[in-house]
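Now for the letters of each chain:
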Amino acid sequence: MPSVVALPEVATVKRREFRSTLPALLFLALFFVVPVISLLLRSVLEPQLGLQNYVELLGSSTYLKVFFNTFMVSAVVTIVSLTIGFPVAWTLAIMPSRWAAIVFAILLLSMWTNLLARTYAWMVLLQRTGLINKMLMGLGVIDKPLALVNNLTGVTIGMTYIMLPFIILPLYGTIRKIDPAILQAAALCGANRWQALTRVLLPLTVPGMAAGALMVFVMSLGYFVTPALLGGTSNMMLAELIAQFVQSLVNWGMGGAAALVLLVVTLTLYAVQLRFVGDESEGGR
Amino acid sequence: MLLNFERLGWLKYVLLGITLLTALFLLLPIIFIAALSFGSSQWLIFPPPGWTLKWYSDLFADPRWLSSAWTSFRIAAIVTVLSVLLGLVTSFGLVRGRFLFRKTLRALFLTPMILPVVVLAVALYAFFLKIGLNGTMTGFVISHLVLALPFSILSISNALERFDKSIEDAAVLCGASPLEAKIRVTLPAISHGIFSAAIFSFLTSWDEVVVAIFMSSPTLRTLPVKVWATLRQDLTPVVAAASTLLILLTVILMALFALVRKGLKS
């Protein structure tokens, strides 16, 4: 221990602080940046230099169907989650906090429960002899069991279940920040409930909805486990296609090309979102 | 009006109804699985014809389940330690440093969070095939560390940003060495950030399945890979028993997390 206290020069401290990010930087460069970039490079290098993999990927109806499935399921999951999530987030924002705490506990429990455990539950619940079909038949809604699993219906139900908390939580934050006085003002100015909802409350929640919806949409696009288990083999989504190219077909060129498509769409949508959130925070100041 | 619960009128009941149904929807699979794991039906009939502990005894009798759980635990524990240490060192640099590209660097550190996991899984699989790390403990730890590190950096930098550095400087002025001041003054003050970093890192690794599917070998499997492989064959109730134990672990960790946060507030 030095007996004389000498505070190091400020500039040296700052340079040293930069040095402390180097281990993580090296680690990510080696095990994240290099592997991802070399995978993407293989899409134009294998089997020979050129764009043949992209031509095949975007030219075949089999693969286009996979893209279509992926975008459709993600869009439906996003819209359904938003439709259910908005009223729930609204209620959570204004209901007595003791009840809200219970709903929050349920939300967190479902979010934190192992993904495979949740997917397994839906595989059992949705099967032909499962509880959902039994209940619907018991209620007389249907005569014979519906095919709810091994198709895109199953994937959509399972994914909506997983994505709901991701839309409710940010929307809750947005609605909490709205000043109730604004709605009182709307009422004083003669707006009825419907007008107050459509012209005041909904427009004010648009930033939160857009942020939540984009996040859910992007997460859904790249989802692997739930589509693979609930979707069956004939209704593939993009992430499964990438895995199949690499694992079963050992076609790294096509795998890299499909990965690049997913990556570009994902990063573009995130850039849109960042811009959106950025604008919102600037507007707030 | 619309943001005042008491003055909503009939709308209040509509909203409460939707919220109640959604809460039930979110809770249903979790309760369902727990109930099924004690049900005696091999075909997962609900309500079960009788109750049994058979699936749990099957689970514990099969050494493959136990060994995969042990593998998962070891990987998650190593990942947690490395992720917290690396997260700490990096956060000091990111929060305290004033160098060029600091924001870009921060964004790079958080990218693994937003990248589709399957892309990372396939990329690392290809890379590890070349350097011979596939199916090894090291390969598992490295790949899970890539996924866990962003959470660790995020939790610890947030805590560090709220900590007033002049307290650490005061300790140095009072005769502590810079390292001593960091360990005895700063670390205790940001312990809640370190704690959440540890929990998130552990859960990230423990629950991770996509990367794990690509990293595993017949002799080295984590628990999620074992569940995955079993589910691809059939829907045995043994998986319900395993899932119920995983849910129990989640509840315990959530309670622990809530307790620590409560303890920090008071």
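Look up a bit, the structure's there.
Conventions we followed
Residues numbered from 1 in each chain as written. Chains lettered and ligands numbered in written order. Predicted model: local features only at pLDDT ≥ 70, side-chain atom pairs only at ≥ 80, totals over all residues. Helix = DSSP H or I, 4+ residues; strand = E, 2+ residues; numbered from the N terminus. Rg over C-alpha atoms; globule rule 2.2 N^0.38 Å. Buried ≥ 20, exposed ≤ 12 C-beta atoms within 10 Å, placed from the backbone. Contact = placed C-beta atoms within 7 Å. Axes fitted to C-alpha atoms, helices over the stretch in contact; angles between N-to-C directions. Parallel < 35°, antiparallel > 145°, perpendicular 65-115°, else oblique. Left-handed = near helix turned anticlockwise from the far one by under 90°. Nonpolar A, V, L, I, M, F, W, Y, C, P; charged D, E, K, R; others polar.

Asks: Account for the overall build of chain B, naming residues and giving values.
Replies: Of regular secondary structure, chain B possesses 12 helices and zero strands. Over its C-alpha atoms chain B spans a radius of gyration of 23 Å, topping by over 25% the 18 Å that the globule rule assigns to 266 residues. Once the C-alpha set of chain B is aligned to its principal axes, its extents read approximately 75 × 65 × 30 Å. Out of the 266 residues belonging to chain B, those deemed buried represent 43%. Residue pairs in contact within chain B that sit at least 24 positions apart in sequence constitute 73% of those at least 6 positions apart.

Asks: If you had to explain the overall build of chain A to someone new, which residues and values would you point to?
Replies: Looking only at helices and strands, chain A features 13 helices and zero strands. Along the chain direction, N to C, the helices and strands of chain A fall in the order α-α-α-α-α-α-α-α-α-α-α-α-α. For 285 residues, the compact-globule estimate of 2.2 N^0.38 gives 19 Å, and the C-alpha radius of gyration of chain A, at 25 Å, exceeds that figure by more than 25%. Its C-alpha atoms put chain A at 70 × 60 × 40 Å along the principal axes. A burial count over chain A gives 40% of its 285 residues as buried. Intrachain contacts of chain A at a sequence separation of at least 6 include 76% that bridge at least 24 residues.

Asks: With reference to specific residues and values, describe the environment of Met215(A).
Replies: On the secondary structure map, Met215(A) appears in helix H10 (residues 193-221). Between the C-alpha atom of Met215(A) and that of Phe166(A), which follows or precedes it by 49 residues, the distance is 7.9 Å.

Asks: I'd like a description of the interface of chain A and chain B, backed by residues and values.
Replies: If you look at the interface, chain A gives 69 residues, while chain B gives 68 residues. By residue number, the principal contributor to the side of chain A that touches chain B is helix H6 (residues 115-126) of chain A, which donates 10 residues.

Asks: Quick rundown of the packing of helix H2 (residues 22-45) of chain A against helix H6 (residues 137-162) of chain B? Include the residues and the values.
Replies: Contact geometry of H2(A) with H6(B) gives a least axis separation of 11 Å together with a crossing angle of 120°. When the interaxial angle is binned, H2(A) and H6(B) end up oblique. As for the relative orientation of H2(A) and H6(B), their crossing is left-handed in sense. Across from Ala24(A), Leu28(A), Phe31(A) and Phe32(A) in H2(A), the residues of H6(B) making contact are Ile142(B), Val146(B) and Leu149(B). A class-by-class count of the residues in the contact of H2(A) with H6(B) yields seven nonpolar, no polar and no charged.

Asks: Hey, could you go over the environment of Val95(B) for me, with residue numbers and the actual values?
Replies: All names here are of chain B. Its place among the elements puts Val 95 in helix H3 (residues 63-96). Sequence separation of Val 95 and Ile 156 is 61 residues, and the distance between their C-alpha atoms is 9.7 Å. For Val 95, the contacting residues outside a window of four places in its chain are Ser 157, Leu 160 and Glu 161.

Asks: Tell me about the packing of helix H4 (residues 61-94) of chain A against H10(A), and name the residues and values.
Replies: Residue and element names in this part refer to chain A. Put simply, H4 and H10 touch, their axes get as near as 9 Å, and they point 145° apart. Of the two possible hands of crossing, H4 and H10 adopt the one that is right-handed. In contact with Thr 70, Val 73, Ser 74, Val 77, Thr 78, Ser 81 and Leu 82 of H4, H10 contributes Met 209, Ala 213, Val 216, Phe 217, Ser 220 and Leu 221. Looking at the contact of H4 with H10, its residues break down into eight nonpolar, five polar and no charged.

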